[in-house]
Amino acid sequence: MIERKSPVRPDDFWGALTTAERDALRAVARPRSFPARTPLCLQGDESDHIIVIESGWAKVASSTEDGHAVVLAVRGPGDLVCESAVLGARHRSATVTALSTVRARVVPAARFTAFLDAHPRVWRLVSGTFVRRLDDADQRARAHVAVRGDQRLALLLAHLAELSARHTSPAPDGGVDIAPPLSQQELGSWMDASRETVARGLNRLRQEGLVRTGWRRITVVDLPGLVEFARRPADEDDQ
């Protein structure tokens, strides 16, 4: 059972399927569990299957020519991953790795293509997912150009808090725990910054009363305030 706490979103692949479509997809899929740190698909591999995450979280990362891994996104319950298998790409463009134990449905590419041929509406869902992900990546890249490291971190944490709130209820005080278990190094990779920049940024956000932190745990205390901090003009800041 895919975990969901909120209404269906446009980017929730599983939630956007009808009951009949879900039943048909289950019929051609096999259930599988991936322990934390296990790859669901590898960059450069031949595209031969797609995966729908039922529970757990995974990161999408791409390796540069010098071997440096850059985090591009996280995926969670209801998300379609390794979708390049049906989008015309011969080789995987990124590695998808489990951040926690991931339960999923795995579908060979040929079976998924046949499923899409039998359910043309789902083709539009798949292509829409791909386009939205390209748009999201472009928007984040442009948003990061002209802001400081702590503001880039605030933008990223706001995004992760909104994502997490779709699957887990806020705490009684309204705080939202960041669900994907990302390390400071992984956060830094995602926002093109060092681990030290992330540590300094978290300290600043704690001082502002916007987040709480613990061992591999970040709680967003004030999401609107976090967004406002990220958008604050430099001449209004006291640094």
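This text gives an overview of the structure that appears in the document. The model shown is predicted, which means the values in this text are computed figures rather than measured ones.

Below, the discussion takes up the sheet that holds strand 5 (residues 69-75). Taking strand neighbours across the sheet as the criterion, the four strands line up as 2-7-4-5 in an open arrangement whose pairing is antiparallel. Taken across any chain shown, the strands that pair with only one partner, and hence form the sheet edges, are strand 2 (39-41) and strand 5. Adjacent strand axes in the sheet meet at a mean angle of 35° when their direction is disregarded. As paired strands, strand 2 and strand 7 (residues 95-98) are joined by two bridges and run antiparallel to one another. Bridge pairing links Cys-41 to Val-96 in strand 7.

For the rest of this paragraph, the subject is helix 5 (residues 149-165). Three- or four-residue spacings in an α-helix give side chains the same orientation, since the helix completes a turn every 3.6 residues. Spanning 17 residues, helix 5 covers 24 Å between terminal C-alpha atoms, matching the ideal 24 Å at 1.5 Å per step. Within helix 5, 13 of the 17 residues are buried, which leaves it mostly tucked inside the rest of the structure.

Next up on the list: the pattern of salt bridges. Tallied over the entire structure, the rule returns 13 salt bridges. The partner of Arg-103 in a salt bridge is Glu-54, and the shortest N-O contact between them spans 3.7 Å. With a gap of 49 residues between them, Arg-103 in strand 8 (residues 102-108) and Glu-54 in strand 3 (residues 49-55) connect regions that are remote in the sequence. In this structure Arg-103 comes out as partly exposed when scored by relative accessible area, which is 35%. In this structure Glu-54 comes out as buried when scored by relative accessible area, which is 8%. Arg-204 serves as the salt-bridge partner of Glu-208, at 3.2 Å between the closest nitrogen and oxygen. Judged by relative accessible area, Glu-208 falls into the partly exposed class, the value being 31%.

Packing of helix 2 (residues 19-28) against helix 3 (residues 109-118) leaves a shortest axis separation of 10 Å and a crossing angle of 155°. Compared by their axis directions, helix 2 and helix 3 come out roughly antiparallel. Crossing of helix 2 over helix 3 shows right-handed handedness. Residues Glu-21, Ala-24, Leu-25 and Val-28 of helix 2 form the contact with helix 3, whose own contacting residues are Arg-111, Phe-112 and Phe-115. Grouping the amino acids of the contact of helix 2 with helix 3 by side-chain chemistry returns five nonpolar, no polar and two charged.

Criteria and thresholds
Residues numbered from 1 in each chain as written. Predicted model: local features only at pLDDT ≥ 70, side-chain atom pairs only at ≥ 80, totals over all residues. Heavy atoms only, no water. Pairing = 2+ DSSP bridges. Helix = DSSP H or I, 4+ residues; strand = E, 2+ residues; numbered from the N terminus. Axes fitted to C-alpha atoms, helices over the stretch in contact; angles between N-to-C directions. Expected span 1.5 Å × (residues − 1). Buried < 20%, exposed > 50% of the residue type's maximum accessible area, 1.4 Å probe, protein only. Salt bridge = Lys/Arg side-chain N within 4 Å of Asp/Glu carboxyl O. Parallel < 35°, antiparallel > 145°, perpendicular 65-115°, else oblique. Left-handed = near helix turned anticlockwise from the far one by under 90°. Contact = heavy atoms within 4.5 Å. Nonpolar A, V, L, I, M, F, W, Y, C, P; charged D, E, K, R; others polar.

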